[in-house]
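Letter by letter, the chains look like this.
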Amino acid sequence: MDNKNEEASVVLVQKHQLDQGQVQLGRALSTLEELDRRTDARSQRREEIACTIEGLRVSLESQDVAMCNLYVTMMENLLTDSDSAPPEKIPFLSQLDIVEAPESVGWKEYVASAQMYAERNGLDLTKDPFDSLMTDSQRISIEKRINEDFTLKAAHCDKYDYMVAVTCGFIGGLVDILFVGLPGSSKLGEFSDKAVDGAVEKFASMLGWQGAQEGGNPTKSAIGFLERKYKVNYDHRHGGDVDGLFRMSTKNHHIKNLAHSPDLVGLFFSILAQFTNTAHFVDSGKIISVDTESYELQGTNLVSKVFAGFTNWLGHLFSDVAGSSGAQGRGSGIPIPFFSLLQFVNVGEFGQYRQSFATVCVQVFEQGYDFRHGLAMAIPVLISELLTRIMWTFKQRVYHDAPWKECIPSANNPELRRMLLVSHGSLCIVDACDAGLKSGGDIIQFMLRTNLIAWARFGNLAYKEMTAWYRVGSLDIDAVDAHLDQEYKRMLQWSP
């Protein structure tokens, strides 16, 4: 028996003890009522005898023989009835069975004592104890709550929901076509580049950067400051740094080196490189490990060294996200999260030179398809997402006249989930048509114009929709966890 069943069984035993105590209490109250009734009857009998004696006394004083005989007969009848009436038995109150639990007893001993109590009283602990702990009304209420709030349901969207979703996705697609376009040559791209430059300068100033010299470029100065402050052992820039093991240049070394990826993959390989004095690259779909110069992390124990490795990784990413300090123009940034993993898809033959998909992804990165361009591509995706959620909330409130608490645009709602899927699907269709028409069949141009963020979001929503469709009627674990977290926080607020 696991701990959860042990606890439930103990609660069941305690409930049985409580029920038996209530039954015994009811019996005790009935006994007290019976004693009160007998006491009242005896009091009435004493009053009758007292009245008869008083009447006899008065008759004797008046020397009325007939009345005296009558009172004597009444006295004899009262005494005879009192003597001949058999005494009524009082209901027997048995001693309650208890679970032996001294103060020093442990949990295992208490559970064993509870199981012995269950055997003595005929309790079946092999069945689900929770069925016995709830009344029928409580069970019905819980089942209704589970079906309404914690069960995955199929979406029931009407035609207006689909129309709104397609429109929101089309608007996002237009923003993507008109304002994103190719890396480094779009209005939103300029906006994201400036935002990243500002973030790099602010990060450097927090660490002691005093600003650029007069007439100098502040972003390049901040990058140089971070490059000097966060040097790492895996920052190889070209093929000569790795003894010509594979082809690499300053334009693609950030994607080929896995530690430059701004995700969990990059963090893992960065920590690994700093601890083992190695660097890890991807070429032709394979990982290549290269020994580096010895590199000692700061810190006195493992935890502090791991933290130092993390800060080095983060600081070095900030020094590379806006290009290098010596780059001309926009420079080569860092990859979009998890984009480096596409190098492992070393299949197919594309383009004039029959290059694999992995090689194509590297060339796409070399032409500016980096983290900054990923931020620009995220803007139309965010627009479609927000428009869809806002329109769903507006429709729920105005058209369906739902209360505000039911208009919260949670993705757990099946109708909103379906609308988001249709919206982002519309955005991806517009994006694919634009990329296909403008690329002229060139795979590199097609990928440069493809909004990878939109496709990633659409894939995520498609997976959720397929999972929900397959699991319709089953328990929604995420909704249950969210409810339990909310209840836990509420209980913490009540605690002293």
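Residues numbered from 1 in each chain as written. Predicted model: local features only at pLDDT ≥ 70, side-chain atom pairs only at ≥ 80, totals over all residues. Heavy atoms only, no water.

Participant: It is not clear to me how the overall build of the chain should be interpreted in this structure. Could you clarify?
Facilitator: Regarding its fold elements, the chain presents 17 helices and two strands. When burial is assessed residue by residue, the chain has 36% of its 496 residues classed as buried. Once local pairs closer than 6 in sequence are excluded, the contacts in the chain between residues at least 24 apart make up 68%. Surface accessibility of the chain: about 29900 Å² in total, with carbon and sulfur atoms responsible for 59%. (Helix = DSSP H or I, 4+ residues; strand = E, 2+ residues; numbered from the N terminus. Buried < 20%, exposed > 50% of the residue type's maximum accessible area, 1.4 Å probe, protein only. Contact = heavy atoms within 4.5 Å. Areas by Shrake-Rupley, 256 points an atom, 1.4 Å probe, with all protein chains shown as cover.)

Participant: When you look at the packing of aromatic side chains in this model, what are you seeing that I'm missing?
Facilitator: We describe a pair of aromatic rings using the distance from one ring centre to the other and the angle between the two ring planes. Counted according to the given criterion, the structure contains eight aromatic pairs. Ring centres of Phe246 and Phe281 lie 5.3 Å apart, and the angle between their planes is 50°; this geometry places the pair in the tilted category. Here the residue Phe246 occupies a position in the loop between helix 8 (218-229) and helix 9 (253-256), and Phe281 occupies one in strand 1 (residues 278-283), the gap between them amounting to 35 residues. Taking relative accessible area as the criterion, Phe281 reaches 0% and is therefore assigned buried. (Phe/Tyr/Trp six-rings, centres within 6.5 Å; stacked < 30°, edge-to-face > 60°.)

Participant: Hey, could you run me through empty space enclosed by the protein in this one?
Facilitator: Rolled over the atoms, a probe with the dimensions of a water molecule shows which regions are left empty. For the structure on display, the rule yields one cavity of 30 Å³ or more. Roughly 50 Å³ of internal volume is contained in the largest cavity. Every residue lining the largest cavity is listed: Asp176, Ile177, Val180, Gly181, His373, Met377, Asp434, Leu448, Arg449, Thr450 and Asn451. Broken down by secondary-structure element, the contributors of at least two residues to the lining of the largest cavity are helix 6 (159-179) and helix 13 (371-399). The residue inventory of the lining of the largest cavity, partitioned by class, reads four nonpolar, four polar and three charged. (1 Å grid on protein atoms, 1.4 Å probe; cavity = no way out; pocket = protein on both sides within 12 Å on 5 of 7 lines; lining within 4 Å. Points joined across faces, edges and corners; volume = space filled by probe spheres on them. Nonpolar A, V, L, I, M, F, W, Y, C, P; charged D, E, K, R; others polar.)

Participant: Please clarify how the pairing of strand 1 should be interpreted in this entry.
Facilitator: Within strand 1, five of the six residues are buried, which leaves the element mostly enclosed by the surrounding structure. Connecting strand 1 to the next strand, strand 2 (residues 286-291), in antiparallel fashion are two residues, including Ser284 with a positive phi near 55°. (Pairing = 2+ DSSP bridges.)

Participant: Explain the nonpolar core here, please?
Facilitator: Generally speaking, a soluble globular protein has its nonpolar side chains buried in company with each other. Counting residues in each nonpolar core, the largest one holds 29 residues, and the members touching the most others are Val200, Leu226, Tyr234 and Phe281. Listed by contribution, the elements that provide at least two residues to this core are helix 7 (187-206), helix 8, helix 10 (264-276), strand 1 and helix 11 (302-320). The contacts of Phe281, once residues within four sequence positions are left out, are Tyr234, His236, Val242, Phe246, Met248, Lys256, Asn257, Lys286, Ile287, Ile288 and Val290. (Core = buried A, V, L, I, M, F, W, Y, C linked by side-chain atoms within 4.5 Å.)

Participant: Whenever I open this one, helix 11 confuses me. Can you help?
Facilitator: Structural remark: α-helix, 3.6 residues per turn; residues separated by three or four positions point the same way. Relative to the 27 Å expected for 19 residues at 1.5 Å per residue, helix 11 spans 27 Å between its end C-alpha atoms, a close match to the ideal helical length. Listed as buried for helix 11 are Ala308, Gly309, Asn312, Trp313, Gly315, His316, Leu317, Ser319 and Asp320. Buried residues belonging to helix 11 abut helix 7, helix 8, helix 9 and helix 10. Measuring from the backbone nitrogen of Val303 back to the side-chain oxygen at the start of helix 11 gives 3.3 Å, which picks out Asn301 as the cap. (Expected span 1.5 Å × (residues − 1). Polar contact = N/O pair within 3.5 Å; in protein donor to acceptor, adjacent residues only side chain to side chain.)

Participant: What is the right way to read the side chain of Thr278 from this model?
Facilitator: Checked against the element boundaries, Thr278 lands in strand 1. By relative accessible area, which is 9% here, Thr278 ends up buried. Engagement of the side chain of Thr278 in a polar contact is seen with the side chain of Thr276, the distance being 2.7 Å. When near neighbours in sequence (up to four residues on either side) are disregarded, Thr278 contacts Asn233, Tyr234, Leu272, Ala273, Ser289, Val290, Asp291 and Thr292.

Participant: I would appreciate a short explanation of the confidence of the model for the chain in the present structure.
Facilitator: Low-confidence regions, as indicated by low pLDDT, have predicted coordinates that should not be scrutinised in detail. Mean pLDDT for the chain: 83, with 85% of residues reaching 70 or above. Mean pLDDT values for the elements of the chain range from 63 in helix 2 (residues 65-84) up to 95 in helix 6. (pLDDT = per-residue confidence, 0-100.)

Participant: How do you make sense of a nonpolar patch on the surface when you look at a structure like this?
Facilitator: Taken together, the side chains of Leu25, Leu29, Leu32 and Leu35 make up a nonpolar region of the molecular surface, amounting to roughly 360 Å² of accessible area. In this structure, Leu32 sits in helix 1 (residues 3-62). (Patch = residues over 30% accessible without salt bridge, like charges linked within 9 Å, V, L, I, M, F, W, Y side chains within 5 Å. Salt bridge = Lys/Arg side-chain N within 4 Å of Asp/Glu carboxyl O.)

Participant: Explanation requested: the pairing of strand 2 in the structure shown.
Facilitator: Each regular strand displays side chains that alternate between the two surfaces of the sheet. Here strand 1 pairs with strand 2 via six bridges, running antiparallel. The partner of Thr278 across the bridge, within strand 2, is Asp291.

Participant: Got a minute to help me understand the packing of helix 14 (residues 414-439) against helix 16 (residues 452-470) in this structure?
Facilitator: Axes are the key here: two packed helices are described by the angle between their axes and the distance separating the axes. One way to put it is that helix 14 packs onto helix 16 with a least axis distance of 9 Å and a crossing angle of 145°. In the packing of helix 14 onto helix 16, the handedness of the crossing is left-handed. Facing Arg417, Arg418, Leu420, Leu421, His424, Gly425, Leu427, Cys428, Asp431 and Ala432 of helix 14, the residues of helix 16 in contact are Ala454, Trp455, Arg457, Phe458, Leu461, Ala462, Lys464, Glu465 and Ala468. For the contact of helix 14 with helix 16, the residue count by class is 11 nonpolar, two polar and six charged. (Axes fitted to C-alpha atoms, helices over the stretch in contact; angles between N-to-C directions. Left-handed = near helix turned anticlockwise from the far one by under 90°.)

Participant: Quick question: what am I supposed to make of the pattern of salt bridges here?
Facilitator: Any two side chains of opposite charge can pair if their charged atoms end up close together. Inspection of every chain in the model, using the stated rule, returns 11 salt bridges. Residue Arg389 pairs with Glu385 through a salt bridge whose shortest N-O separation is 3.0 Å. Taken together, the positions of Arg389 and Glu385, both in helix 13 and four residues apart, correspond to about one turn of that helix. Accessibility assignment for this pair places Arg389 and Glu385 in one class, buried. Sharing partners across several salt bridges, the network here consists of Asp158, Asp161 and Lys395.

Participant: For this particular structure, what's the right way to read the environment of Tyr230?
Facilitator: Note on placement: Tyr230 falls in the loop between helix 8 and helix 9. Among the residues examined, Tyr230 registers a relative accessible area of 11% and is labelled buried. Expressed as a C-alpha distance, the spacing of Tyr230 and Asn312, which sit 82 residues apart in the sequence, is 5.6 Å. Setting aside its immediate chain neighbours within four residues, Tyr230 contacts Phe203, Leu207, Thr311, Asn312, Gly315 and His316.

Participant: What is the right way to look at helix 8 in this model?
Facilitator: With 12 residues, helix 8 extends 16 Å between its outermost C-alpha atoms, agreeing within 8% with the 16 Å of an ideal straight helix rising 1.5 Å per residue. For helix 8, the set of buried residues is Thr219, Lys220, Ala222, Ile223, Gly224, Phe225, Leu226 and Glu227.

Participant: I'm lost on unusual backbone geometry in this one. Help?
Facilitator: Leaving glycine out, the prevailing phi sign among residues is negative, and the prevailing peptide bond configuration is trans. One non-glycine residue, Asp243, adopts positive backbone phi at about 60°. A positive phi angle, near 55°, is found at Ser284, a position not held by glycine. Given a relative accessible area of 48%, Ser284 falls into the partly exposed group.

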